Amino acid sequence: MKLITIDGNAMGQNIYLYFDENTREGVLIDAGDSEAEIADAISQNGVTIKAILLTHGHYDHIACANEIRALTGAEICCHAAEKNMLENPELNLSTRFRRLIKVTPDRLLADGDIFDIAGTKLRVIHTPGHSPGCLCFYDEKSALVFTGDTLFKDAVGRSDLPLGSHDDLVSGIKEKLFSLPDNVKAYPGHGEATDIGYEQRFNPFCS
């Protein structure tokens, strides 16, 4: 599997293109405000996007989801608890940026669902707190997890936004993410990658 990080946007949001190098089948993790960069990465690598997997429904993670769906024909997937946020510009915060973003998902996900990418399995992990339907996507074979805005290097996601819960956020990290092997690489929605073992030992918000 090959991982390409697309981070050329004003809000510093990481968008991940994750695909099989033989079949060129893959997924896009989040679709922030980087339409041209995403389209270029897909085209240059000859990737067939099977799904746009949204870690959550805030503006900076969904800004060009509709455009990338139209470009690729891929289904937009989110947790069932996040559907209302995707479709509501007030809740997804796009109104704060003078935008009216509304995204209607094609498929609603639940904890434990599996995406198969040419034999590589991505497991859906529901970690509410930053928002009710926050998701992480775990590839056990490659020992990596996409953590969205749930877990960052030395930090965790905000819980003071609409529908957030700090208690739920920390509980999900401790119970679900920190149960993964220490060597699992965590790729967050913002900032640099980290390791689950490192965060379990040193993250000041989860002690």
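Look above for the structure.
Given the structure is predicted, the values throughout are model-derived calculations rather than measurements.

About the criteria used
Residues numbered from 1 in each chain as written. Predicted model: local features only at pLDDT ≥ 70, side-chain atom pairs only at ≥ 80, totals over all residues. Heavy atoms only, no water. Buried < 20%, exposed > 50% of the residue type's maximum accessible area, 1.4 Å probe, protein only. Helix = DSSP H or I, 4+ residues; strand = E, 2+ residues; numbered from the N terminus. Arc of directions from axis to C-beta. Contact = heavy atoms within 4.5 Å. Lys, Arg positive; Asp, Glu negative; His and termini not counted. Salt bridge = Lys/Arg side-chain N within 4 Å of Asp/Glu carboxyl O. Axes fitted to C-alpha atoms, helices over the stretch in contact; angles between N-to-C directions. Parallel < 35°, antiparallel > 145°, perpendicular 65-115°, else oblique. Left-handed = near helix turned anticlockwise from the far one by under 90°. Nonpolar A, V, L, I, M, F, W, Y, C, P; charged D, E, K, R; others polar. Phe/Tyr/Trp six-rings, centres within 6.5 Å; stacked < 30°, edge-to-face > 60°. 1 Å grid on protein atoms, 1.4 Å probe; cavity = no way out; pocket = protein on both sides within 12 Å on 5 of 7 lines; lining within 4 Å. Points joined across faces, edges and corners; volume = space filled by probe spheres on them. Pairing = 2+ DSSP bridges.

Q: Describe helix α1 (residues 35–45), and please don't skip the residues or the numbers.
A: Burial in α1 covers these residues: Ile 38, Ala 41, Ile 42 and Asn 45. In an axial view of α1, the angular spread of the buried residues amounts to 95°, which keeps them on one side of the axis. Within α1, the exposed residues directed more than 90 degrees away from the buried face are Ala 36, Ser 43 and Gln 44. Those residues of α1 hidden inside the fold are in contact with β1 (2–6), β2 (15–19), β3 (25–29), β4 (48–53) and α3 (65–72).

Q: Any chance you could break down the side chain of Asp 139 for me, citing the residues and the numbers?
A: Along the chain, Asp 139 falls in strand β9 (residues 135–139). Of the side chains bearing the opposite charge, Lys 141 lies closest to the buried Asp 139, which forms no salt bridge; the N-O distance is 7.4 Å. When near neighbours in sequence (up to four residues on either side) are disregarded, Asp 139 contacts Met 1, Tyr 18, Thr 120, Lys 121, Leu 122 and Leu 144.

Q: Go over the environment of Pro 188 with me, naming the residues and quoting the values.
A: Residue position: Pro 188 is located in strand β13 (residues 185–188). Counting along the chain gives 110 residues from Pro 188 to Cys 78, while the straight-line C-alpha distance between them is 17 Å. With residues near it in sequence (within four places) discarded, Pro 188 still touches Asn 14, Tyr 16, Thr 147, Gly 148, Leu 151, Phe 152 and Ala 193.

Q: Please give an account of the packing of α1 against α3 that cites residues and values.
A: In the contact formed by α1 and α3, the axes pass within 10 Å of each other and the chain directions differ by 30°. Relative to α3, the element α1 lies roughly parallel. You can see that α1 and α3 cross each other, and the crossing is right-handed. Side by side, α1 and α3 meet where Glu 35, Ile 38, Ala 39 and Ile 42 of the first sit next to Glu 67, Ile 68, Leu 71 and Thr 72 of the second. The residue makeup of the contact of α1 with α3, split by class, is five nonpolar, one polar and two charged.

Q: I'd like a description of the packing of aromatic side chains, backed by residues and values.
A: Under the counting rule described, the total for this entry stands at six aromatic pairs. Residues Tyr 198 and Phe 202 carry aromatic rings whose centres are separated by 5.0 Å and whose planes lie at 50° to one another, so their mutual orientation is tilted. With Tyr 198 and Phe 202 both in helix α6 (residues 196–202) and four residues apart, the pair spans about one turn of that helix. According to the relative accessible area criterion, Tyr 198 is partly exposed, its value standing at 26%. You can call Phe 202 partly exposed: its relative accessible area is 47%. Members of the aromatic cluster, joined through ring pairs, are Tyr 16, Tyr 18, Phe 146 and Tyr 187.

Q: So what about the layout of surface pockets? Which residues, and what values?
A: The volume enclosed by the largest pocket comes to roughly 230 Å³. Forming the walls of the largest pocket are 14 residues, and the residues nearest its centre are Met 11, Asp 60, Leu 93, Arg 158 and Leu 161. Of the residues that constitute the lining of the largest pocket, the class distribution is six nonpolar, four polar and four charged.

Q: An account of the pairing of strand β10 (residues 144–148) is needed here, citing residue identities and associated values.
A: Among the five residues of β10, five are classified as buried, and the element is accordingly described as predominantly covered. By the alternation rule, side chains of β10 split into Leu 144, Phe 146 and Gly 148 and Val 145 and Thr 147, which are all buried. In this structure, the hairpin formed by β9 and β10 is closed by a connection of four residues, where Ala 143 is found at a positive phi of approximately 55°. Strand direction decides the pairing type here: β10 and β13, joined by four bridges, are parallel. Along β13, the bridge assignment pairs Phe 146 with Tyr 187.

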